[in-house]
Amino acid sequence: MGIIMMAPAVLFLCGFLVFPVLSTMVNSLYRDSPLTGREFCGLDNYRRLAGDGQALDTMEFTFIFVMASVSLEMAAGVLIALAINRVVTGRGFFRASVILPWAVPTVVAAIMWKYIFNDQYGIVNYLLHGDSLRMYSAWLARPSTARLAIILADVWKSSSFVALIALAGLQTVPEELMEAARMDGAGPSRRFFRITLPLIRPALLVALLFRVMDAFRVFDLVYVMTQGAPSGKTGVLQFFGYLKMFPEQQYGYGSAVAVVVFLIIAVLSVILVRTLGRRMMTE
Amino acid sequence: MAACVFLSSCGGESRDDGVTRISVLTWRPNSPATWQEAIDRFHERNPDVEVILETGPSSSTQLHDMLSQRLRNRDTSVDVFVMDVVWPPEFAEVGWALPLDGSFPEEERELFFDGCVEAVTWKGSVYGVPFFLDAGVLFCRSDLLEKYGLPVPETWGQLVAAADSVLKGEDDPALYGYSAQMAQYEGLICNMLELTGSAGGSLMEPESPEALRALRFARDSLVHLDGMTPPGILTYREQESLELFASGGAVFHRNWPYAWALCADPEMSQVAGKVVISILPRFPEGESVSALGGWSFGVSAYSAHPDEAFRFISFMTSEEVQRLFAAEVGKPPARRSLYADSLVLAANPHFQEMEAVFENAVPRPGSPLYPQVSNRLQGFLHSAIGESEGSIPAMAEEAGRDIREILDRLEE
């Protein structure tokens, strides 16, 4: 009976999760393109990946992107949540406006940021240099500033997600505790680090987990804003995998990239979930 | 039930009414009305065939993604598709496009430009019928050249010198010397093929002295010369580069012939009546080179109605329809005869002088692995001209090696 009751969930999981992941793993062991046909090649695709300069460039930027954007989002998200938590009138309105960037589809946000950083009529150039057109620079044309622009776009969009979860955490902080701390003469920063932060840490760890997983899968921002130019310096792994899989039709090689992304995310999630679990237990 | 859904989702099936439906996949046209007009005329003369037009993305790369996915899955719901000039070797080698040698015979092919026919030919067979072509041309601000007594530049050096004189004279911070397509995408390859070719080099050998010369010129005299190109040139595709030129922001502009109609339209352009079109400059010891672009029609190998499909293709590539597209949309016809056609020339007076450019346009390297070669080249070219400090010879050597490795993989 138990087996029957569980069957739908298990079948669903197998059909939509286990099977695609396994079949991508199997595909990554083949050299497979419409031209050459499909032939088993062992770990050749992975060996090739390790020696592919463009892949390593995208790998580097993927890690930079994840670390920079997620840490900025965590900081900005908590600040936004703290600010909104203090608002007494119109809290609903503020809360709704915080979700707004999160609700904008990433492609739309990416197009918007592409305009913001445009070399001719972008607002960033206008704010920095006013009417001195010759001072205008093309943010998306140079690797360093283009990387910054992509990170900023992600921070703008995803801080609101962290803020939302942090806000939910903040509502569980008992007012009496803060009152008592205040009576004991604890200043605002002491109250934040000694009371608020430890109490909302579980919520923040959940937000962190989601953000790290999500940031590793970034694709659309890069696709719209730079297409990885120049030569993959602003490319991310997922975009590199797309290039190999679709325009170049190297299904095996593209699958190997997808598997690497999957493994990185899986390992990181396990680490995060374990720390998360332990923290929850001890506190 | 599932079978019903499956069947009804397939195009191209005959129903009881004796009408054969064929499905045609093309990019999202800028000119849907002209397409409709052509299809209406086809229906009038072929009451037994109904054409279902399916429009895909307007970007060539995205259309290639979509079409190759469907053909890979042996999708029978596409009978006819458009092919970019670089696709036929791949489509032929993989077996997605039907060979058309019998229905598109030698004597018929001679009526088209050689470059267009060469582009649809792979290993001695033809796999498509050319629809229209494209070739890079130079747009110049005739009013500014006249004002400073400058001729239309014949060499790249003259172009930079002329732009420099105009920029110094005008002293306008919103005016740049040259606008072109240098984002990391297919268009960059066309732009660099023209520069490299006009120095006597080839993109497939980027480490040759001729290719290096062209790359250094692009980097030092176009991209990184202050005021010569806008700062965003490395992110510009056709649209951005044309917007700049049409708003009066550049003295010279490289684009495809379609830009002519937009530049000449006073509602879209601030430079209407102040533009002349010319062949692209060259290096002193080289010849002017235009990259060949353009599209052809092919028949899917999985089509259930290849005969009807070919009937549609031969109608779309007929003199009548090419004339229609040339006159209404400014697409340069792939058929030679139309360059003496009064209706076509009335709408596109520049076609007459451009015939030689179209005749000599250089195709990009033909290979079934072109998408891989292209991605590698795009990355190399963008880094080489974008990084003012980088070592071009070292990058070129690496790119050349990689490209040969990709092509060798096919031999295995």
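Residues numbered from 1 in each chain as written. Chains lettered and ligands numbered in written order. Predicted model: local features only at pLDDT ≥ 70, side-chain atom pairs only at ≥ 80, totals over all residues. Heavy atoms only, no water.

1. Some words on empty space enclosed by the protein
Selection rule: A 1.4 Å probe that fits but cannot get out identifies a cavity on a 1 Å grid over protein atoms alone, an open set with protein on both sides within 12 Å along at least five of seven lines counts as a pocket, and a residue lines either if it has an atom within 4 Å of a point. Grid points are joined across faces, edges and corners, and a volume is the space filled by probe spheres set on the points. Under the scheme used here, helices are H or I runs from DSSP no shorter than 4 residues and strands are E runs no shorter than 2 residues, and both carry numbers assigned from the N terminus. Following the grouping adopted for this structure description, the nonpolar residues are Ala, Val, Leu, Ile, Met, Phe, Trp, Tyr, Cys and Pro, the charged ones are Asp, Glu, Lys and Arg, and the polar ones are all others, Gly among them.
The tally for this structure, following the rule as stated, stands at five cavities of 30 Å³ or more. In this structure, the largest cavity spans a volume of roughly 90 Å³. Looking at the largest cavity, the residues that line it are A:Ser33, A:Pro34, A:Leu35, A:Pro247, A:Glu248, A:Gln249, B:Glu90, B:Val94, B:Pro368, B:Leu369, B:Pro371 and B:Gln372. Where the lining of the largest cavity is concerned, the elements lending two or more residues are helix H4 (88-94) and helix H17 (370-386) of chain B. Across the lining of the largest cavity, the residue classes break down as seven nonpolar, three polar and two charged. Taken as a whole, the second largest cavity spans an internal volume of roughly 70 Å³.

2. Things to note about the sheet that holds strand E7 (residues 137-141) of chain B
All names here are of chain B. Basically, it comes down to this: At least two bridges found by DSSP between two strands is the condition for calling them paired. As a rule, the C-alpha atoms of each element are fitted with a line to give its axis, helices using only the stretch in contact, and angles between N-to-C directions run from 0 to 180 degrees.
Overall, mixed pairing links the four strands, which are arranged E8-E9-E7-E10 in an open sheet. Whereas interior strands pair on both sides, the edge strands pair on one side only; in this sheet they are strand E8 (176-179) and strand E10 (275-278). The sheet shows a mean angle of 15° between the axes of neighbouring strands, taken without regard to direction. By the bridge criterion, three bridges tie E8 to strand E9 (residues 250-255) in an arrangement that is parallel.

3. Topic: helix H9 (residues 188-216) of chain A
Residues lying three or four places apart along an α-helix face the same way, a consequence of the helix completing one turn every 3.6 residues. Put simply, the rule reads: Expected helix span is given by 1.5 Å per residue-to-residue step, counting one fewer step than there are residues. A residue's bend is the angle separating two fitted axes: one through the seven residues that end there, the other through the seven that start there.
Between its first and last C-alpha, H9(A) extends only 35 Å over 29 residues, short of the 42 Å set by a 1.5 Å rise per residue. The sharpest bend along H9(A) measures roughly 55° and falls at A:Arg201, with the proline A:Pro202 sitting one to four residues further on.

4. Some points on the domain arrangement of chain B
All names here are of chain B. To keep it simple, the criterion reads: Domain start and end points were adopted from an automatic or database domain assignment. In what follows, salt bridge is the name for a side-chain nitrogen of Lys or Arg lying within 4 Å of a carboxyl oxygen of Asp or Glu. Whenever a nitrogen or oxygen atom comes within 3.5 Å of another N or O atom, the pair is scored as a polar contact, on the condition that within protein one atom can donate a hydrogen and the other can accept it, and that pairs from neighbouring residues in sequence are kept only if both atoms are in side chains.
Partitioning chain B into domains gives domain 1 (17-134 + 292-360) and domain 2 (137-278). Between the C-alpha centres of domain 1 and domain 2 there is a distance of 30 Å. Counting across the interface, domain 1 meets domain 2 through zero salt bridges. For the pair domain 1 and domain 2, the number of links is one residue pair in polar contact (both at pLDDT 80 or more).

5. Quick word on the layout of surface pockets
Looking at the second largest pocket, its volume works out to about 920 Å³. Around the second largest pocket, the lining comprises 41 residues; the ones closest to its centre are A:Arg48, A:Asp52, B:Arg376, B:Asp402 and B:Arg409. Elements with a contribution of two residues or more to the lining of the second largest pocket: strand E1 (30-33), helix H2 (44-50), helix H3 (53-86), helix H11 (237-245) and helix H12 (251-282) of chain A together with H17 and helix H18 (392-411) of chain B. Within the lining of the second largest pocket, the residues separate by chemical class into 10 nonpolar, 13 polar and 18 charged.

6. Considering the sheet that holds strand E6 (residues 129-135) of chain B
All names here are of chain B. What the five strands build is an open sheet, ordered E2-E1-E3-E11-E6; its pairing is mixed. The open sheet terminates on both sides in strands that have one partner only, identified here as strand E2 (49-56) and E6. Going across the sheet, the axis of each strand differs from the next one's by a mean of 20°, ignoring polarity. In terms of strand pairing, strand E1 (residues 20-27) meets E2 through eight bridges, oriented parallel.

7. Observations concerning the pattern of salt bridges
All names here are of chain A. Rules: The cut-offs for exposure are 20% and 50% of the maximum accessible area for each residue type, with area from a 1.4 Å probe on protein chains only; residues under the lower value are buried, those over the upper are exposed, and the others partly exposed.
Summed over all chains, the structure comprises 39 salt bridges over all chains. Ionic pairing is found between Arg-47 and Asp-44, a salt bridge with its closest N-O pair at 2.8 Å. Here Arg-47 and its partner Asp-44 are both found in helix H2, three residues apart, which amounts to about one turn of the helix. What makes Arg-47 exposed here is its relative accessible area of 58%. Here Asp-44 falls in the partly exposed class, since its relative accessible area comes to 32%. Counted as one network, the salt bridges with shared partners bring together Glu-73, Asp-154, Arg-211, Asp-214 and Arg-217.

8. Observations regarding unusual backbone geometry
All names here are of chain A. Positioned with a positive phi, Gln-227 is a non-glycine residue whose angle comes to about 55°. Position of Gln-227 among the secondary structure elements: in the loop between helix H10 (220-225) and H11. A relative accessible area of 23% places Gln-227 in the partly exposed class. For Gln-249, which is not glycine, the phi torsion reads 55° and is therefore positive.

9. Things to note about the state of the cysteines
How we decide: Working definition: a disulfide is two cysteine sulfur atoms within 2.5 Å of each other.
Evaluated as defined, the whole model comprises zero disulfides over all chains. No disulfide involves B:Cys263; its sulfur sits 11 Å from that of B:Cys140, the nearest cysteine.

10. Topic: the interface of chain B and chain A
Convention followed: In this description, contact between two residues means that some pair of their heavy atoms is separated by no more than 4.5 Å. We define buried area as the total accessible area lost by two parts upon association, computed with a 1.4 Å probe and summed across both.
Between chain B and chain A, the residue contacts involve 38 residues of the former and 29 residues of the latter. With both sides pooled, the region where chain B packs onto chain A buries about 2,800 Å², and carbon together with sulfur makes up 51% of that total. Ranking the residues of chain B by area buried against chain A places B:Arg72, B:Gln184 and B:Asn375 at the top, with a combined share of 18%. Counting across the interface, chain B meets chain A through two salt bridges. Between B:Arg72 and A:Asp32 there is a salt bridge whose closest N-O contact spans 3.4 Å. Every element with two or more residues in the side of chain B that touches chain A is listed here: helix H3 (60-72), H4, helix H11 (238-246), H17 and H18 of chain B. Examining the composition of the side of chain B that touches chain A, we find that seven residues originate from one element, H3(B), more than from any other. Split by residue class, the side of chain B that touches chain A holds 15 nonpolar, 14 polar and nine charged.

11. Observations concerning the environment of B:Ala396
Residues and elements named next belong to chain B. With respect to the secondary-structure elements, Ala-396 resides in helix H18. Ala-396 sits in the buried class, given a relative accessible area of 0%. The spatial distance from the C-alpha of Ala-396 to the C-alpha of Glu-207 is 5.0 Å, given a sequence separation of 189 residues. Those residues within four positions of Ala-396 in sequence are excluded, and the remaining contacts are Pro-206, Glu-207, Leu-212 and Phe-380.

12. Quick look at the packing of helix H9 (residues 186-197) of chain B against H17(B)
Residues and elements named next belong to chain B. Defined as follows: Small angles under 35 degrees read as roughly parallel and large ones over 145 as roughly antiparallel, with 65 to 115 read as roughly perpendicular and the rest as oblique. Crossings are assigned a handedness: left-handed for a near helix turned anticlockwise from the far helix by less than a right angle, right-handed for a clockwise turn.
Closest axis-to-axis distance for the H9/H17 pair is 9 Å, and the angle between their directions is 70°. Overall, the two elements H9 and H17 adopt an arrangement that is roughly perpendicular. Every pair of crossing elements has a handedness; the one defined by H9 and H17 is left-handed. The residues of H17 that touch H9, namely those facing Glu-186, Leu-188, Ile-189 and Met-192, are Tyr-370, Ser-374, Leu-377, Gln-378, Leu-381, His-382 and Ile-385. Split into classes, the residues belonging to the contact of H9 with H17 amount to seven nonpolar, three polar and one charged.

13. So, the side chain of A:Thr145
Along the polypeptide, A:Thr145 turns up in helix H7 (residues 143-170). Apart from residues lying up to four places away in sequence, A:Thr145 is in contact with A:Ala138 and A:Trp139.

14. A word on the nonpolar core
As a reminder, the rule being used: Here the nonpolar core consists of buried residues drawn from Ala, Val, Leu, Ile, Met, Phe, Trp, Tyr and Cys, with membership extended through side-chain atoms lying within 4.5 Å.
Residues B:Phe252 and B:Met316 are the most contacted members of the largest nonpolar core, which totals 137 residues. Composition of this core by domain shows at least three residues from each of domain 1 (17-134 + 292-360) and domain 2 (137-278) of chain B. Not counting the four nearest positions on each side in its chain, B:Met316 is found in contact with B:Trp35, B:Ala38, B:Phe131, B:Phe297, B:Val321, B:Gln322 and B:Phe325. Counting 61 residues, the second-largest nonpolar core is a separate cluster that includes A:Val124, A:Val218, A:Val260 and A:Ile265.

15. A look at the packing of aromatic side chains
Residue and element names in this part refer to chain A. The cut-off we apply is this: Centre distance within 6.5 Å is the pairing criterion for rings of Phe, Tyr and Trp, where only the six-membered ring of Trp is used; planes under 30 degrees apart are then read as stacked, over 60 as edge-to-face, and the remainder as tilted. Two limits define a charge over a ring: the Lys NZ or Arg CZ must be within 6 Å of the ring centre, and within 35 degrees of the ring normal.
According to the stated counting rule, one finds 45 aromatic pairs over all chains in the structure shown. Ring geometry for Trp-113 versus Trp-156: centroids 6.1 Å apart, planes at 65°, classification edge-to-face. Here Trp-156 lies in helix H7 and Trp-113 lies in helix H5 (residues 106-116), a separation of 43 residues in the sequence. Relative accessible area serves as the criterion here: at 12%, Trp-113 is assigned to the buried category. Residue Trp-156 is classed as partly exposed on the basis of its relative accessible area, which comes to 31%. Both rings, one in Phe-219 and one in Phe-239, keep their centres 6.0 Å apart while their planes meet at 35°; by these two values the pair is tilted. Taken together, the positions of Phe-219 in the loop between H9 and H10 and Phe-239 in helix H11 put the pair 20 residues apart, joining distant regions of the chain. A residue is classified by how much of its surface remains accessible, and Phe-219, at 25% relative accessible area, is partly exposed. Among the residues examined, Phe-239 registers a relative accessible area of 2% and is labelled buried. Over the face of the ring belonging to Tyr-253 we find Arg-48, whose NZ or CZ atom lies 3.9 Å from the ring centre.

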